[in-house]
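# Breakdown of the fold
So you can see what is in the structure, the chains are spelled out below.
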Amino acid sequence: QVHLLESGGGLVQAGGSLRLSCAASGRTGAMGWFRQAPGKEREFVAAISWSGSDTNYADSVKGRFTISRDNVKNTLYLQMNSLKPEETAGYYCAAASDRRLQITTWQYDYWGQGTQVTVAS
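Residues numbered from 1 in each chain as written. Predicted model: local features only at pLDDT ≥ 70, side-chain atom pairs only at ≥ 80, totals over all residues. Heavy atoms only, no water.

### What to know about the state of the cysteines
Enumeration according to the criterion identifies 1 disulfide in this entry. At a sulfur-sulfur separation of 2.1 Å, the disulfide partner of Cys22 is Cys93. Across the S-S bond linking Cys22 and Cys93, the dihedral sits near -75°, which makes this disulfide left-handed. Note that Cys22 is positioned in strand 3 (residues 18-25) and Cys93 in strand 9 (residues 89-95), a separation of 71 residues in sequence. Neither Cys22 nor Cys93 differs from the other in exposure class; each is buried. (Disulfide = S-S within 2.5 Å. Helix = DSSP H or I, 4+ residues; strand = E, 2+ residues; numbered from the N terminus. Buried < 20%, exposed > 50% of the residue type's maximum accessible area, 1.4 Å probe, protein only.)

### A short note on the nonpolar core
Core analysis: the biggest nonpolar cluster contains 35 residues, and Met31, Trp33, Leu78, Met80 and Tyr91 have the highest contact counts within it. When contributions to this core are tallied by element, the ones reaching two or more residues are strand 3, strand 4 (31-36), strand 5 (43-48), strand 7 (65-70), strand 8 (75-80), strand 9 and strand 11 (115-120). In contact with Tyr91, other than residues within four places in its own chain, are Glu6, Leu20, Trp33, Phe34, Arg35, Val45, Phe65, Leu78, Met80, Gly114, Thr115 and Val117. (Core = buried A, V, L, I, M, F, W, Y, C linked by side-chain atoms within 4.5 Å. Contact = heavy atoms within 4.5 Å.)

So far we have only geometry, and geometry alone does not tell us how the molecule works.
This is the structure:
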């Protein structure tokens with residue numbers, strides 16, 4: 001069993017930055033970040049393979065967000081720069097049993113409770 005705990009969310013002005021963290025307990029494979037705004041479906045943000053050698057980003061965040069992981073600390077990160085008001089959402093960390101890159105929700109086995117990111121205009 002894997003438990004995931006996100007942190008680092010909060011209120012930021014448009015154009016600002018936040019760094020999300022996800023502490024994992026247990027053995028994880030590939031990991032990813034998703035987000036969900038009220039009334040909308042959960043959407044893919046970024047993913048990383050177990051080794052960290054492969055990453056993938058949603059087109060909307062490319063060049064602004066960076067996903068990384070520290071397997072010694074068993075922690076996943078998401079550096080978010082140039083944030084936009086429309087990116088206000090709950091951000092969720094996910095872990096897969098498979099070590100290869102995963103980009104869809106159904107490929108992930110474990111989910112955190114989420115951390116709220118609010119971007120003020």
